[in-house]
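Structure assessment
Residues per chain, in single letters:
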Amino acid sequence: MEYRDGRFRPALALERVLRVVPGARAEIVAATGHGPQIDHPDLVNARMLAFMEDIDSRDA
């Protein structure tokens, strides 16, 4: 977990994952809480499908 000033900072944890996991990607969905798939299903579905298509095309 990433902490700064005694507070958990998710963005710091995300940056670390992006640095150490080859091919990692991150999508930030604004104006949502813990359930972006519920708050913004069309946006999340579109981004997930694009991700899966990209991964599928790499395997071809």
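You'll find the structure just up there.
What comes next concerns the included structure. (Residues numbered from 1 in each chain as written. Predicted model: local features only at pLDDT ≥ 70, side-chain atom pairs only at ≥ 80, totals over all residues. Heavy atoms only, no water.)

Here we look at the overall build of the protein chain
- The secondary structure content of the protein chain amounts to 3 helices and 2 strands.
- Listed N to C, the secondary structure of the protein chain is β-β-α-α-α in terms of helices and strands.
- A compact globule built from 60 residues should have a C-alpha radius of gyration of about 10 Å, whereas the protein chain, at 14 Å, is more than 25% larger.
- Based on the C-alpha atoms only, the size of the protein chain along its principal axes is roughly 45 × 30 × 10 Å.
- Burial status across the protein chain gives 8% buried among its 60 residues.
- Partitioning the intrachain contacts of the protein chain with sequence separation of at least 6 by distance along the chain shows that 13% fall at a separation of at least 24.
- Across the protein chain, the mean location of the 8 positive side-chain charges is 11 Å away from that of the 10 negative side-chain charges. (Helix = DSSP H or I, 4+ residues; strand = E, 2+ residues; numbered from the N terminus. Rg over C-alpha atoms; globule rule 2.2 N^0.38 Å. Buried < 20%, exposed > 50% of the residue type's maximum accessible area, 1.4 Å probe, protein only. Contact = heavy atoms within 4.5 Å. Lys, Arg positive; Asp, Glu negative; His and termini not counted. Charge placed at Lys NZ, Arg CZ, Asp CG, Glu CD.)

A look at the pattern of salt bridges
- Inspection of the entire model under this criterion finds 2 salt bridges.
- The salt bridge involving Arg 25 is made with Asp 54; its shortest N-O contact spans 3.0 Å. Of the two residues, Arg 25 sits in the loop between helix H1 (10–20) and helix H2 (36–39) while Asp 54 sits in helix H3 (residues 41–59), which places them 29 residues apart along the sequence.
- Classification of Arg 25 by relative accessible area gives partly exposed; the value is 42%. (Salt bridge = Lys/Arg side-chain N within 4 Å of Asp/Glu carboxyl O.)

Here we look at the layout of surface pockets
- Counted as a void, the largest pocket has a volume near 310 Å³.
- In terms of lining, the largest pocket is formed by 13 residues, of which the most central are Glu 27, Val 29, Val 44, Arg 47 and Met 48.
- Partitioned by chemical class, the residues of the lining of the largest pocket number 7 nonpolar, 3 polar and 3 charged. (1 Å grid on protein atoms, 1.4 Å probe; cavity = no way out; pocket = protein on both sides within 12 Å on 5 of 7 lines; lining within 4 Å. Points joined across faces, edges and corners; volume = space filled by probe spheres on them. Nonpolar A, V, L, I, M, F, W, Y, C, P; charged D, E, K, R; others polar.)

Re unusual backbone geometry
- Despite not being glycine, Ala 31 shows a phi value in the positive range, around 60°.
- Here Ala 31 shows up in the loop between H1 and H2.

Details of the environment of Ala 13
- The topology assignment puts Ala 13 in helix H1.
- Separated by 44 residues in the primary sequence, Ala 13 and Ser 57 have C-alpha atoms spaced 29 Å apart.

Notes on a nonpolar patch on the surface
- Judged by side-chain polarity, Met 48, Leu 49, Phe 51, Met 52 and Ile 55 come together as a nonpolar surface patch covering roughly 430 Å² of accessible area.
- With respect to the helices and strands, Met 48 occurs in helix H3. (Patch = residues over 30% accessible without salt bridge, like charges linked within 9 Å, V, L, I, M, F, W, Y side chains within 5 Å. Areas by Shrake-Rupley, 256 points an atom, 1.4 Å probe, with all protein chains shown as cover.)

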